[in-house]
Amino acid sequence: MSVVGGVRRLTAPDIRARKGRAPVVGLTAYHAPGARLADEHCDFLLVGDSLGMVLYGYDTTVPVTLDMMIAHGAAVVRASRHALVVVDLPFGSYEDGPQAAFRAASRVMKETGCGAVKLEGGCHMAATVGYLVERGIPVMGHVGLTPQSINSFGSFRPRGRDDVESEAIAADAEAVVSAGAFALVVEAVPVRVAAALTRAMPVPTIGIGASVVCDGQILVAEDMLGLMPRVPKFVRRYAEVGAIASDAIARYARDVRNRAFPGVENTYAEPGFEAPDIAPSDDEPSAATK
């Protein structure tokens, strides 16, 4: 347990104890400004490997590296005080077995100061989850649509729509929770599947595209703030920050071209020197600078 500035940071056991109580609030955070904004409102902040798509422009999460996750995770921990910080283990850092997973997860814990890691997968990852938990690393599980497996799935379509898939998801959930996961992200599954998992699991289910029946929710902050051009069906936009930012940038560009910025109030006065009047330019900016 850590106390920063008199504020006690939530821990993995705190989140686990919320099963069946007030819903758990989660949001992604990839950098210090985002962490500062979300920290007081959220129970946990997820430094998700979705940062590869949101911040780096990749088409999937697969190219994300462990070093990237550590750099962003450390920034989020430094900028937050209250929320549990959970860091994703990226593709390729843990699939080679429990020992490889421990090496990656221990680096994440030591170099970021986070309180838990998250990994994707079910039955085939249960031994790894157990190995980490036994060695003092809290693990959040992730079943349903697992984006790191996109090359196997072929698309980001919802999972569990037929009996075979829904039964496989239930087995995956049971395996990782029995191995010691303190919470379980359930992504892009039908309501009936999410409801069954929430009833069956002794730890909180954290839904993303899994309906209100889950014990908590997680969204990508940039999706719900209106910063991404397209968002999944399960996202509710709570603001259009992208449009506001675009308008602000357009006004800044106009003021620069009209020599209206910087103004006197934005400069450092020098006694005895009077800045010359400079008329706005009539030159039309080139296509490259518009």
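Residues numbered from 1 in each chain as written. Predicted model: local features only at pLDDT ≥ 70, side-chain atom pairs only at ≥ 80, totals over all residues. Heavy atoms only, no water.

Participant: Would you mind showing me how to read the overall build of the protein here?
Facilitator: Looking only at helices and strands, the protein features 11 helices and 10 strands. Taking the principal axes of its C-alpha atoms as reference, the protein extends roughly 75 × 45 × 35 Å. Taking all 290 residues of the protein together, the buried fraction comes to 47%. For the protein, the accessible area works out to roughly 15,200 Å², and carbon and sulfur atoms hold 56% of it. (Helix = DSSP H or I, 4+ residues; strand = E, 2+ residues; numbered from the N terminus. Buried < 20%, exposed > 50% of the residue type's maximum accessible area, 1.4 Å probe, protein only. Areas by Shrake-Rupley, 256 points an atom, 1.4 Å probe, with all protein chains shown as cover.)

Participant: Quick question: what am I supposed to make of the environment of Glu274 here?
Facilitator: Looking at the element boundaries, Glu274 is found in the segment after helix H11 (241-257). Spatially, the C-alpha atom of Glu274 lies 55 Å from that of Val86, the residues being 188 residues apart in sequence.

Participant: I tried to follow the environment of Gly141 on my own but got confused; where do I start?
Facilitator: Mapped onto the elements of the fold, Gly141 is located in strand E7 (residues 139-144). With relative accessibility at 2%, the residue Gly141 sits in the buried group. Remark: the alpha-carbon pair of Gly141 and Phe182, spanning 41 residues in sequence, is separated by 7.8 Å. Setting aside residues up to four positions removed in sequence, Gly141 forms contacts with Lys118, Leu119, Ala181, Ala183, Leu184 and Val185. (Contact = heavy atoms within 4.5 Å.)

Participant: What am I meant to see in the pattern of salt bridges here?
Facilitator: Here the idea is simple: oppositely charged side chains can pair when their charged atoms come close. Counted under the stated rule, the structure contains 9 salt bridges. Across the pair Asp215 and Lys19 runs a salt bridge whose closest N-O atoms are separated by 2.7 Å. Linking Asp215 in the loop between strand E9 (205-208) and strand E10 (216-219) with Lys19 in the loop between helix H1 (12-16) and strand E3 (24-28), this pair joins segments that are 196 residues apart in sequence. The partner of Glu240 in a salt bridge is Arg237, with the nearest N and O atoms 3.7 Å apart. Overall, Glu240 belongs to the partly exposed group, its relative accessible area being 43%. Through salt bridges that share partners, Asp67, Arg107 and Glu111 make up one connected network. (Salt bridge = Lys/Arg side-chain N within 4 Å of Asp/Glu carboxyl O.)

Participant: Honestly, the UniProt feature "binding site: 3-methyl-2-oxobutanoate" (unreviewed entry) in the protein in this entry has me stumped. Any pointers?
Facilitator: Mapped onto this numbering, the UniProt entry gives "binding site: 3-methyl-2-oxobutanoate" (unreviewed entry) at Asp49, Ser50, Asp88 and Lys118. Considering the C-alpha atoms alone, the annotated residues occupy 70 residues of sequence yet fold into one spot, their largest mutual distance being 12.4 Å. Checked against the element boundaries, Asp88 lands in strand E5 (residues 84-88). Under the relative-accessibility criterion, Asp88 is labelled buried at 3%. When sequence neighbours within four positions are dropped, the list of residues in contact with Asp88 reads Leu46, Val47, Gly48, Asp49, Met69 and Lys118. Tracing the backbone shows Lys118 in strand E6 (residues 116-118). You can call Lys118 buried: its relative accessible area is 2%. (UniProt positions renumbered as here; feature names shortened; annotations may be inferred.)

Participant: Whenever I open this one, the UniProt feature "active site" (unreviewed entry) in the protein confuses me. Can you help?
Facilitator: Per the UniProt record, the feature "active site" (unreviewed entry) sits at Glu187. Looking at the secondary structure, you find Glu187 in strand E8 (residues 183-187). Accessibility expressed as a relative area gives 10% for Glu187, which makes it buried. What Glu187 contacts, discounting residues up to four positions off in sequence, is His142, Val143, Gly144, Leu145, Pro147 and Ile208.

Participant: Explanation requested: the state of the cysteines in the structure shown.
Facilitator: Note on terminology: a disulfide is the covalent bond linking the sulfur atoms of two cysteines. Scanning all chains against the criterion turns up 0 disulfides. This cysteine, Cys114, is not joined by any disulfide, and Cys42 carries the nearest cysteine sulfur, 17 Å off. Take Cys123: it sits in no disulfide, and the sulfur closest to it among the cysteines is that of Cys214, at 19 Å. (Disulfide = S-S within 2.5 Å.)

Participant: What's the story with the nonpolar core in this structure? I'm lost.
Facilitator: Generally speaking, soluble globular proteins have nonpolar side chains that are buried together. By size, the foremost hydrophobic cluster in this structure holds 59 residues, and its most contacted members are Leu45, Val108, Val117, Leu119 and Leu184. Tallying contributions element by element places helix H4 (residues 66-79) first for this core, with 7 residues. Setting aside its immediate chain neighbours within four residues, Val117 contacts Val86, Val87, Leu89, Ala105, Val108, Met109, Ile137, Pro138, Val139 and Met140. Core analysis: the second largest hydrophobic core is formed by 16 residues, Leu46, Leu84, Ala183 and Ile206 among them. (Core = buried A, V, L, I, M, F, W, Y, C linked by side-chain atoms within 4.5 Å.)

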